[in-house]
Structures are given as structure tokens and as C-alpha cells.
Amino acid sequence: MPHDTTKAEDPAIWANALIRIRDHRDEAAFAALFCHFAPRIKGFLIRSGTDPALAEECAQDVLATAWRKAALFDPSRASAATWLFTIARNRRIDIARRQRRPEPQDLPWGPEPDPDQAELLGLQQETEYLGAALKALPKKQRDLIEKAYFGEMTHSEIAAETGLPLGTIKSRIRLALDRLRHALDVRDPR
Amino acid sequence: MTHSPYNPKHHLTDDLIAAYATGTLAEAVNLIVATHVSLCDSCRAAVEAHETLGGAVLEDSAGAAMGDDALDRAMAAIRGTVPEARPIRLSADPAPDPVVPAPLAAYIGGLDRVRWRSLGMGVKQSILRTTPEATARLLYIPAGTAVPDHTHNGLELTLVLQGAYSDEDGHFARGDVEVADPSVNHMPVADMSQDCICLAVTDSPLRFNSFLPRLLQPLFRI
């Protein structure tokens, strides 16, 4: 498979790829999206305990779903990486737990018209800033966050693996999230 | 920003929101989270913030190399498939059920299709079909009625769909979710104004404190 040669200079590149898929069935945009995200999704599924061959098939499915459902991607609410994360997560729940995943009811207004490029860029940048904040975290905290998102681990399982007591885990994750929120100024609803 | 009426007073904990976003909860717990989020803008925003973090973690990850023919296979797969049309909301769309949000409706249909079983004193329940690690049930509490005093070992979440109730922790109305403290006995009492309907989720059986209900517990699976 060709390597992902995309430089991450344009944070809106993947959102725009999904919009081109939606509006023009743009195969080149899909190929670029695939080369960037399929290996990441495969890695995500392997780290969650999926066997590598199945993880490869599922990464294929997730990207094929993105092609089919591109119309449901709402660039005013999620970055492309976030949207693909939710599809991959649901696929993982489907494989690992064999259970339904109830999703919230759609908002009563939406989908809104596409935001203009400046606004689009702003939202996609948020994920990028969050990534930068993530990289800046002390290794231990970053590891815990990755485990929570990748490893399908509950807090008590993380405690068992790292030997850390539960209270420490929870306070570390909270501390990590607080730092991320602070770095980002993510709106805190409460 | 469009104004939304979804502003309940009692919310999910951060732990539950994070676990819903990462996908580690039992099906019944996912159901009550998704149902509350359908009625609560601030918890919806919190879920989406956690999902954004998931996106950042995915973007930042090293990944695992795909097979040599992966791209060819993907292109072959999509060439037979046309992307679905963009959904258009028409004002003629059927209004969502006024009491039952969509994720719950997917389990029960409408309230008129629920098969209730009596628990006595007019209180009724209906257990939903989910995976067994946690149990979801609808509770029907006639106006002014108290549910027997009970405690529990694990998680107990109660979401009000219609009417309201009060207990030691406060007053809970439509959209409010109570995350019960396992150490507290509580006895919810429905408001007088309307019969109260709740979605309740437990990850271990409830324990009633009086002798008789405790005997009945295995029968009712409460």
C-alpha cells in the first residue's frame, strides 16, 4: 500500500476530503483518507485486543462506511478524525461485546449548512490542538489516556495492569483531562 | 446557535460520560446514557468533547501497516457503492415521541407497547432486553406513590421520562438522571401531579430493606 505522504499542514484536509466524497464521489480523496486512517484504525483495533487479520478487515469496513455515510459527517461538530474514531469505536463494541450501541437522538435542527472554510479550519484545528496538548502531557498520563481510548480498559483494569490503586488512576485521568481542557479552553458544561 | 429546551438539572458523572465515549460500558448503561444525552445539551457537549479526545488519540497513533493490496481492495469495494444521500429534515417528519427519546424507542417502541408487570401498590416495571452485565427497566410509579425503601450494591441510575419524584437527594423531573450513592437507602416518592415513568439501570440486584419485598425480589428480578 502506498505510504501516507500527506503533510498535516492543513488541519481541514480530511474534513474537506469527506466533503468531496459526499458531494463528488471523489475517489482520490477517498484513497488519501484511506492511506492516512486505515493503518491508524487497524492499530487501534489491535490494541483493543482484535486479532490482526480481523482488524485489517474492520479497518476496511470502517473506511467503506465513511464512504457510504459521508453525508452524515457534520464538519461543524466533529473533525474527520473524531468522526472516524466514533465509527471505529462502534465497530469495536460490535466485535468485542456483541451488543447494540444506543446512540443519542439526533439534534432537532441539523445537519446545518457547511461552515465556511475559516470556521471549518477552526473546528478541525481544535482536534489538532488537543493532539498537541496530548503530546505535551507527562508520559504516564498520556499512557493512561491512550489505554482508556485504545485498550478497552475500565479504570479497575488499568489499575490491575499498572498496579496503581483506583483512586490514583481516577485522579490522574481527571488531572490529565483538566490539563487538556485548560490547554484547549474546551467548553466545560458544568 | 439554535435554542434548545434540553436543560435538566441533574446530570451524568464525568466517569460515565468518558466511559460512554470510549465505549466500555454495558449495553443497559449505554442505553440510559444515550437517552439522557438525548435530553441534555450539556452532557451531549461533554460526550462530544471526549470523542474529540478520541479523535486526537487516533490521529496521534502510530498505526499498523495494512496489507499490500489493501488500497486496491478498498477502491474495488467502494466503486460498487454510491454514497448515501444527505439527510434532509422536513417539517413533515413525524415528531419524535414526546416521552420516549429515540435510543429508548428502539428498545420499547412506544409506551403503549410496553408489557408491564405489577410490583404492588400500583408500581409496575418492564425489564428491557439487553446484555446481562447490567439491567435496564422501565418503572411506572403512580402519582403520589412511594417506591419501597431499597439499597443496592453497585451502580443505580434513574432517568425521569415523565412526571417527577423526590427522594433524599432532591427533586427529579423529566431529563434528570439520579446517580445513586450505594451507601444511601432511598425511597423515591412520585409527585402528585402526574404518574411518573423512569428508566432505571442497575449493575447488581437491588436489595429491599423490609422482609417481604426481599422475599419477592427473585420473583420480580428487581
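Please refer to the structure placed before this passage.
In short, a report on the structure. The shown structure was predicted, so the numbers you read here are calculated from the model rather than taken from an experiment. (Residues numbered from 1 in each chain as written. Chains lettered and ligands numbered in written order. Predicted model: local features only at pLDDT ≥ 70, side-chain atom pairs only at ≥ 80, totals over all residues. Heavy atoms only, no water.)

### Quick look at the overall build of chain B
- If you tally the helices and strands in chain B, you get six helices and eleven strands.
- Counting all 222 residues of chain B, 52% fall into the buried class.
- Within chain B, residue pairs in contact and separated by at least 24 positions form 67% of the contacts whose partners lie at least 6 positions apart. (Helix = DSSP H or I, 4+ residues; strand = E, 2+ residues; numbered from the N terminus. Buried < 20%, exposed > 50% of the residue type's maximum accessible area, 1.4 Å probe, protein only. Contact = heavy atoms within 4.5 Å.)

### Description of the overall build of chain A
- What chain A contains, in helices and strands, is eight helices and zero strands.
- In chain A, the succession of α and β elements from N to C terminus is α-α-α-α-α-α-α-α.
- Considering chain A as a whole, with its 190 residues, one finds that 49% of them fall into the buried category.
- Here the contacts in chain A between residues at least 6 apart in sequence split such that 64% fall between residues at least 24 apart.
- Counting only carbon and sulfur atoms, one obtains 52% of the accessible surface of chain A, whose full area is about 9100 Å². (Areas by Shrake-Rupley, 256 points an atom, 1.4 Å probe, with all protein chains shown as cover.)

### Some words on the packing of helix α2 (residues 27–47) of chain A against helix α4 (residues 80–97) of chain A
Residues and elements named next belong to chain A.
- Contact geometry for α2 and α4: axes closest at 11 Å, N-to-C directions at 40°. One element, α2, and the other, α4, form an angle in the oblique class. Crossing hand, α2 versus α4: right-handed. Listed contacts from α4 to Leu33, Phe37, Ile41, Phe44 and Leu45 of α2 are Ala81, Leu84, Phe85, Ala88, Arg89 and Arg92.
- Residues that form the contact of α2 with α4 fall into these classes: nine nonpolar, no polar and two charged. (Axes fitted to C-alpha atoms, helices over the stretch in contact; angles between N-to-C directions. Parallel < 35°, antiparallel > 145°, perpendicular 65-115°, else oblique. Left-handed = near helix turned anticlockwise from the far one by under 90°. Nonpolar A, V, L, I, M, F, W, Y, C, P; charged D, E, K, R; others polar.)

### Re the interface of chain A and chain B
- If you look at the interface, chain A gives 79 residues, while chain B gives 70 residues.
- Interface of chain A and chain B: buried area, both sides summed, is about 6800 Å²; carbon and sulfur atoms make up 58% of it.
- The tally of links from chain A across to chain B stands at six salt bridges.
- Note that B:Glu48 and A:Arg77 form a salt bridge whose closest N and O atoms lie 2.3 Å from each other. (Buried area = accessible area lost by both parts, 1.4 Å probe. Salt bridge = Lys/Arg side-chain N within 4 Å of Asp/Glu carboxyl O.)

### Brief notes about the packing of aromatic side chains
Residue and element names in this part refer to chain A.
- Tallied over the entire structure, the rule returns eight aromatic pairs over all chains.
- Where Trp14 meets Phe37, the ring centres are 5.8 Å apart and the plane angle is 70°; that geometry is what we call edge-to-face. In this pair, Trp14 is assigned in helix α1 (residues 13–24) and Phe37 in helix α2, connecting sequence segments 23 residues apart. Just as Trp14 is buried, Phe37 falls in that class too.
- For the ring pair Phe30 and Trp67, a centre distance of 5.6 Å and an interplane angle of 80° mean the geometry is edge-to-face. Linking Phe30 in helix α2 with Trp67 in helix α3 (residues 52–68), this pair joins segments that are 37 residues apart in sequence. (Phe/Tyr/Trp six-rings, centres within 6.5 Å; stacked < 30°, edge-to-face > 60°.)

### Remarks on the sheet that holds strand β9 (residues 189–190) of chain B
- In spatial order, the strands read β7-β6-β9 (chain B); together these three strands make up an open sheet with antiparallel pairing. Because the sheet does not close on itself, it has two edges, and the strands there are β7 (170–173) and β9 of chain B. (Pairing = 2+ DSSP bridges.)

### Points about the packing of α4(A) against helix α3 (residues 41–60) of chain B
- Here α4(A) crosses α3(B) at 95°, and the two axes come no closer than 7 Å. Taken together, the axis directions place α4(A) and α3(B) in an arrangement best described as roughly perpendicular. Counted together, A:Ala81, A:Thr82, A:Leu84, A:Phe85, A:Thr86 and A:Arg89 of α4(A) and B:Glu51, B:Thr52, B:Gly54, B:Gly55, B:Leu58 and B:Glu59 of α3(B) form the full contact between these two elements.
- A class-by-class count of the residues in the contact of α4(A) with α3(B) yields four nonpolar, five polar and three charged.

### Side note on the pairing of strand β3 (residues 135–141) of chain B
Residue and element names in this part refer to chain B.
- When you tally the buried positions in β3, you get six out of seven residues, the bulk of the element.
- The pairing of strand β2 (residues 123–127) with β3 spans four bridges and is antiparallel. By the bridge assignment for β3, Lys124 is matched with Tyr140.
- As paired strands, β3 and strand β10 (residues 196–202) are joined by seven bridges and run antiparallel to one another. By the bridge assignment, Ile141 is partnered in β10 with Cys196.

### Here we look at the side chain of A:Thr50
Residues and elements named next belong to chain A.
- Along the chain, Thr50 falls in the loop between α2 and α3.
- The buried category is assigned to Thr50, whose relative accessible area is 10%.
- Beyond its immediate stretch of four places on either side in the chain, Thr50 contacts Leu45, Ala55 and Ile95.

### Considering unusual backbone geometry
Residue and element names in this part refer to chain A.
- The backbone of Arg25 shows a phi angle near 45°, a positive value even though the residue is not glycine.
- Topologically, Arg25 is positioned in the loop between α1 and α2.
- Arg25 gets classed as partly exposed once you look at its relative accessible area, which sits at 44%.

### Some points on α2(A)
Residue and element names in this part refer to chain A.
- With 21 residues, α2 should cover 30 Å at 1.5 Å per step; its first-to-last C-alpha distance of 29 Å lies within 8% of that length.
- At Phe37, α2 shows its strongest bend, of approximately 35°, with the proline Pro39 following within four residues.
- Burial analysis of α2 places 16 of its 21 residues in the buried class, which makes it a mostly covered element.
- The opening residue of α2 is Asp26, an N-cap whose side-chain oxygen sits 3.0 Å from the backbone nitrogen of Ala28.
- Positive phi appears at Gly49, one or two residues downstream of α2, with a value of about 100°. (Expected span 1.5 Å × (residues − 1). Bend = angle between axes of the 7 residues up to and from the residue. Polar contact = N/O pair within 3.5 Å; in protein donor to acceptor, adjacent residues only side chain to side chain.)

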